[in-house]
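Inside the fold
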Amino acid sequence: AGFRSFCSYDWTHVGRVDPTEELELTFALKQQNSDLLEEILTLVSDPDSAQYGKHLTLEEVSSLVRPSELTQKVVHHWLQSHGITNCLTVRTRDFLQLWSFLFYVLRVAETLLPGSKFHRYIRDGHSLVRSSAPYSVHDDVHQHLDFVGGLHRLPPKGQDLNKASSNRKQKQSKAGVHLGVTPAILRARYNLTATDVGTAQNNSQAVAQFLEQYYSPADLAEFMGMYGRSFKHLSQVDRVVGTQGAGKAGLEASLDIEYIMSTGANISTWIFTNPGRHESQEPFLQWMVLLSNMSDLPWVHTISYGDDEDSLSTAYMMRINTEFMKAGVRGISLLFASGDSGAGCRHLGKEQNSFRPSFPASSPYVTTVGGTSFKNPFKVTYEVTDYISGGGFSNVFKMPDYQASAVDGYLKTVTATLPPQSYFNTSGRAYPDMAALSDNYWVVINRVPVPWVSGTSASTPVVGGMLSLINDQRLLKGLPALGFLNPRLYKLKGQALFDVTEGCHLSCLDEQVQGKGFCAAPSWDPVTGWGTPNYPALLAALLAE
């Protein structure tokens, strides 16, 4: 049975690999009881259920989903029959990692996975090893595997946050001096006071970073010294999981850590950093494997990472979704940025386009965060759509029950102004779920304050920090962490959020839609979700038992 190949987009092929190099493959073994896992997630995340907040431990999740004895035997036997014995497994036994020398692998991996041919690709000075051709596995083994990682997927290009910003810079500098978004501005807009900081001992939050991004401890300390004076805060990260590269600090990494720690102020913060130990690794997959392996994890994770849904295999996304469910049943909240391309655009053929959803933003099991701008860029006013805010409808995942009536309400309200039906899938998972400011942030990078930084990778850690503060209050009251937020968020029906009702995001530049995607509307919409957090009201709503 075959698995499809990848498209190498902006990567340059530089030839077959040298036989003396290393390769890492990750085998995702078929898990058991994924239907039951989904049922449990629904029960522990629905505030009207008697099971609400009764989260499972990693051990309980493991015994629920662990691959069957048969699956484990078949896969191990298959690997051993090719002379492969040095595998690492995770606690849940559903990922196997194989790490060996490539001469061993060129001979072995290409017989293990018929059809695969390993080549090297480079982009911006980084090089990766991937297979250029689709691979297959023997039918007897195929039914026991979801996919093999480290063969096809190439990391997407990170959003150029300066580019998102420089487009606007020209427009706004003519009008005068904009001071831009800082922690104080966010606290004013979302009604956080100086006392809204963390105090619970057992609370923590995390950002996860991929794509060769590093944060600088000196920049973080400098940022807090400049912008954190009005509230109690921490100026250093408590734990780095993975290897921080020695390169220059990345804008994305600095933005994430500076804003989760100034919004979720005084809360212990971790950073998961994974540039990929070497060229055959998939950093995002590595992070998922880590979550599957650590019993003690922060309650809130914010991730500014995404890929076009159509560039990934359905088997891969389905499996990643199961990993998201496993985090949710443990009480962990995963927040993903909705993306910075509005509705996106995919060219299907002559004169024919459709919108282009992004994953994991389109996963039904994560909370997806869109972006807004101030109506008046010079004042703390109400918010309108930020035209880059990612949003739309999945082409892969069906619409989850928790959002059906909200989305239906939107589609009925705006029927007259909706883009043509051929551009999107009305029955798919719709996103984002909520939003926050994503325009004109100040970030300290390489010891210098830099203005005009924009993107949903700014709004996501801001929402994450606020959810951490709410978890803090819940933990102090002896309540469980919020876990997977969406079922509860949609039951609030917009209560405790500032509704965003103005503006549209961008999409295909063609005759039919002329660059316009979806537009904001009263209540939920696929541009800003339910709107932006009014912190004291959201705290009260989410503290209620």
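Residues numbered from 1 in each chain as written. Predicted model: local features only at pLDDT ≥ 70, side-chain atom pairs only at ≥ 80, totals over all residues. Heavy atoms only, no water.

Keep this limit in mind: UniProt positions are given in the numbering used here, feature names are shortened, and annotations may be inferred rather than shown by experiment.
As recorded in an unreviewed UniProt entry, the chain goes by the name Tripeptidyl-peptidase 1, listed as coming from Sander lucioperca. Word for word, the UniProt comment on the chain under Subcellular location (unreviewed entry) is "Lysosome".

Here's the deal with the overall build of the chain
Threshold: Comment: elements are numbered from the N terminus, with helices defined as DSSP H or I runs of at least four residues and strands as E runs of at least two. Only heavy atoms matter for contacts: two residues are in contact if any of them lie within 4.5 Å across the pair. What sets the accessible areas is the Shrake-Rupley method with a 1.4 Å probe; for residues, cover comes only from the shown protein chains.
Scanning the chain from terminus to terminus reveals 15 helices and 29 strands. By sequence separation, contacts in the chain at least 24 residues apart represent 81% of the contacts at least 6 residues apart. Entry remark: accessible area of the chain is about 21000 Å², with carbon and sulfur atoms responsible for 53%.

Details of the pattern of salt bridges
Selection rule: We count a salt bridge whenever a side-chain nitrogen from Lys or Arg sits within 4 Å of a carboxyl oxygen from Asp or Glu. Between buried and exposed lies partly exposed: a residue is buried under 20% and exposed over 50% of the maximum accessible area for its type, with that area taken using a 1.4 Å probe on protein chains only.
This structure, assessed with the given rule, holds 16 salt bridges. Measuring nitrogen to oxygen at the nearest pair gives 3.8 Å for the salt bridge that ties Arg 319 to Asp 94. In this pair, Arg 319 is assigned in helix H11 (residues 314-329) and Asp 94 in the loop between strand S4 (87-89) and strand S5 (95-101), connecting sequence segments 225 residues apart. Its relative accessible area of 1% is what places Arg 319 among the buried residues. For the salt bridge of Asp 146 with Arg 319, the shortest nitrogen-to-oxygen distance reads 2.9 Å. Linking Asp 146 in strand S9 (residues 145-149) with Arg 319 in helix H11, this pair joins segments that are 173 residues apart in sequence. The class for Asp 146 is buried, based on a relative accessible area of 14%. Residues participating in the shared-partner salt-bridge network are Lys 30, Asp 94, Asp 146, Arg 319, Glu 323 and Lys 326.

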